[in-house]
Amino acid sequence: MEDYILEMREITKVFPGVKALDNVNLKVKRGEVHCLCGENGAGKSTLMKVLSGVYGYGTYSGDILYNGEVQKFKGIADSEQKGIAIIYQELALIPELSVYENIYFGHEIMKGKTIDWNETIVQASEMLKKVKLDVDPSTKIKNLGVGKQQLVEIAKALSKNVKLLILDEPTSSLNEDDSENLLKLIKELRDQGVTCIMISHKLKEVIAIADSITVLRDGSTICTMDCHEQEVKESDIIKNMVGREIDNIYPTREKKAPGKVVFDIKDWTVEDPVKGREILHNVCMNIREGEIVGLQGLMGAGRTELALSIFGNTPKYKIKSGELTFDGKKSRFKTPKQAIKSGLAYVSEDRKGNGLVLIQDIKYNTTLANLERITNGLFVNNNEEIKQAKYYKDSINIKAPSVEQKVGNLSGGNQQKVQLAKWMFARPKVLILDEPTRGIDVGAKYEIYTLMNKLVEEGMSIIMISSELPEVLGMSDRLYVMSEGTITGELSREEATEQKVMALAIKSKED
Ligand SMILES: Nc1ncnc2c1ncn2[C@@H]1O[C@H](COP(=O)(O)OP(=O)(O)OP(=O)(O)O)[C@@H](O)[C@H]1O
Ligand SMILES: [Mg+2]
């Protein structure tokens, strides 16, 4: 007989106006990597929060069997005590504290009545070794990149003697190298007997790592596939996720002759004033009306820095030289506010600090950046606000009972969609999208691409930064490739291939 570490039976969880989980069943074998897939809002994170006791016993119906016994976790401490650890979609480390303080935060090592810091550091170093993270344990979390922070989270889980590790989209904000390392580590942990449940929208990595895959749709279990019994392909997962086949991932756009240049930078050289180091060197690029221009490069190539320095994010970036022409006028934006006012918008890759007001509803957030569009005289036209918010909610399929739902109650991917809606509604002349589809499910990506196409057809210009090369190739009319803070090449849609882009992305400026 199979040995199941976990069985969740007929789990139902209701929020006001939303049935997030509807009789969900999940069975996880001991020692396997079990992936959970499903569209944004399907209920994946909620199911894991039920399991870990974030939503405690009594707030859901159904049974959780762990090691064959029914569990009634009241809070996360109860599940942790049994060896279950969860790493959330958004990282939850404390930036100002050190690595070792974070690892033992909440379960400190005591000597009598005081914390035994020496032992803490010794133990923390052991945990760091296990996750192969080579940093000084006294380093502050804020000084580590997301990839390393993710490893600290795992070290923290290991320090609690984890038997069942839950990872909610662990690689969504990692670059390829960091993702690969993380997946390798998960496999190693599995070989040491740690069972792992992983949620991911990156189906390639799901295929690469999963022993079993369960698909949720609209709060129900659709199926569980055993990857050792059958060969599971990406298309199998997609079909179960969305209930139909998707063959065309990138919607076609009618090719029009590009309009006039709306945005142009020349010799853009930027310094990091704190480190006194040049981070961008003589960057030249432009974008025309009605064009989607991709900005490609490896992590750290300078794409986000370029976007932020254009967007007026001084004092973080000191512009040493360069000329920016926007809509026919020479400009230099001192603050993001000024940039937005002139018609330039930047949608950041950062999920947490993404400028959404979580305690406010969808309609408020959608119209926030361009209230003028819905104001008559001094007052916000409420009907118009609702109408506009509904349009975006429908066109990119934001999953919520109404536009009056608080954004903080939406699933991660749906929050990302609201943030996109907000800037699309703002109708800037030039919209910079930094990782727009991060954490977005395959079906919804298509809807976002379609909306992007529509906006450029109306004359907007979009600069798209993305670590997913196929997406940039599929959507851009033209693309620039960056490496080490310079543009190493420009390719037309026709010329661009993965090989050519990669060759330019690893070109160093000395070459
Ligand atoms: N606190 C809450 N209040 C109200 N509704 C909620 C709350 N948390 C989640 N929901 C709703 O429950 C449903 C499931 O959300 P959940 O976060 O589990 O989705 P998910 O599958 O993790 O999606 P994603 O891929 O976008 O992260 C969604 O419709 C969401 O809006
Ligand atoms: Mg989620």
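Reference entry: report on the structure contained in this document. (Residues numbered from 1 in each chain as written. Chains lettered and ligands numbered in written order. Predicted model: local features only at pLDDT ≥ 70, side-chain atom pairs only at ≥ 80, totals over all residues. Heavy atoms only, no water.)

1. Description of the sheet that holds strand E4 (residues 61-66)
Rules: For two strands to be treated as a pair, DSSP must find no fewer than two bridges joining them. Secondary structure follows DSSP: runs of H or I at least 4 residues long count as helices, runs of E at least 2 residues long count as strands, and numbering of each begins at the N terminus. Only heavy atoms matter for contacts: two residues are in contact if any of them lie within 4.5 Å across the pair. What counts as an axis is a line fitted to C-alpha atoms, over the stretch in contact for a helix, and the angles between N-to-C directions run from 0 to 180 degrees.
What the 4 strands build is an open sheet, ordered E2-E1-E4-E5; its pairing is antiparallel. Looking at the sheet topology across the chains shown, the edges are occupied by strand E2 (18-29) and strand E5 (69-70). Strand direction decides the pairing type here: strand E1 (residues 4-15) and E2, joined by 8 bridges, are antiparallel. When the sheet's bridge partners are listed, Met8 is paired in E2 with Leu26. Of the strands in this sheet, E1, E2 and E4 touch helix H1 (residues 44-52), which is tilted by about 115° from E1.

2. As for unusual backbone geometry
In the Ramachandran plot, Glu169 falls in the positive-phi region, its phi being about 50° despite a non-glycine side chain. Here Glu169 shows up in the loop between strand E9 (164-168) and helix H6 (176-191). The residue Asn282 is not glycine, and still its phi comes out positive at about 45°.

3. Re the side chain of Asp441
We count it as follows: Any residue under 20% of the maximum accessible area for its type is buried, any over 50% is exposed, and the rest in between are partly exposed; the area is computed with a 1.4 Å probe on protein chains only. Lys and Arg are tallied as positive, Asp and Glu as negative. Neither His nor the chain termini are counted. Salt bridge, as used here: a side-chain nitrogen of Lys or Arg that lies within 4 Å of a carboxyl oxygen of Asp or Glu. Polar contacts, as used here, are pairs of N or O atoms within 3.5 Å; protein pairs need one atom able to donate a hydrogen and one able to accept it. Residues neighboring in sequence count only if both atoms are side-chain atoms.
Positionally, Asp441 belongs in the loop between strand E21 (430-434) and helix H14 (442-457). Notably, Asp441 is buried but unbridged: the nearest opposite-charge side chain belongs to Lys417, and the N-O separation is 4.9 Å. From its side chain, Asp441 meets the backbone nitrogen of Asn40 in a polar contact 2.6 Å long. Within polar-contact distance, the side chain of Asp441 engages the backbone nitrogen of Gly443 at 2.9 Å. Leave out the neighbours within four places in its chain, and Asp441 touches Gly38, Glu39, Asn40, His201 and Met241.

4. Brief notes about the packing of helix H12 (residues 382-395) against H14
Our working definition: Angle categories: roughly parallel below 35 degrees, roughly antiparallel above 145, roughly perpendicular from 65 to 115, and oblique for all the rest.
Between H12 and H14, the least distance of the axes is 9 Å, while the angle of their chain directions is 125°. By the criterion of interaxial angle, the relationship of H12 to H14 is oblique. Of the residues in H14, those in contact with Tyr391, Tyr392 and Ser395 of H12 are Glu447, Leu451 and Lys454.

5. With respect to the packing of aromatic side chains
Given two aromatic rings, one states the distance between the centres and the angle between the planes to describe the pair. In plain terms, the rule: The aromatic pairing rule takes the rings of Phe, Tyr and Trp, using the six-membered ring of Trp, and pairs them if the centres are within 6.5 Å, calling planes under 30 degrees apart stacked, those over 60 edge-to-face and the rest tilted.
Overall, the coordinates contain 9 aromatic pairs when judged by the stated rule. The interplanar angle of 70° and the centroid separation of 5.8 Å between the aromatic rings of Tyr100 and Trp117 together place this pair among those described as edge-to-face. Of this pair, Tyr100 sits in helix H3 (residues 99-103) while Trp117 sits in helix H4 (residues 117-130), and the two are 17 residues apart along the sequence. The class of Trp117 is partly exposed, set by a relative accessible area of 38%. On the basis of an interplanar angle of 40° and a centroid distance of 5.3 Å, the ring pair of Tyr250 and Tyr449 is categorised as tilted. Pair noted here: Tyr250 is in the loop between helix H8 (234-242) and strand E13 (261-272) and Tyr449 is in helix H14, with a separation of 199 residues, a long-range link.

6. Overview of the pattern of salt bridges
Per the counting criterion, the structure on display carries 28 salt bridges. Glu96 is the partner of Lys142 in a salt bridge, and the nearest nitrogen-oxygen pair spans 3.5 Å. Taken together, the positions of Lys142 in the loop between H4 and helix H5 (146-159) and Glu96 in the loop between strand E6 (84-87) and H3 put the pair 46 residues apart, joining distant regions of the chain. By relative accessible area, Lys142 is classed as partly exposed at 45%. A salt bridge links Glu458 to Arg427; the shortest N-O distance between them is 3.9 Å. Of this pair, Glu458 sits in the loop between H14 and strand E22 (461-465) while Arg427 sits in the loop between helix H13 (412-425) and E21, and the two are 31 residues apart along the sequence. Classification of Glu458 by relative accessible area gives partly exposed; the value is 46%. A residue is classified by how much of its surface remains accessible, and Arg427, at 41% relative accessible area, is partly exposed.

In short, shape yes, function no, at least from these values alone.
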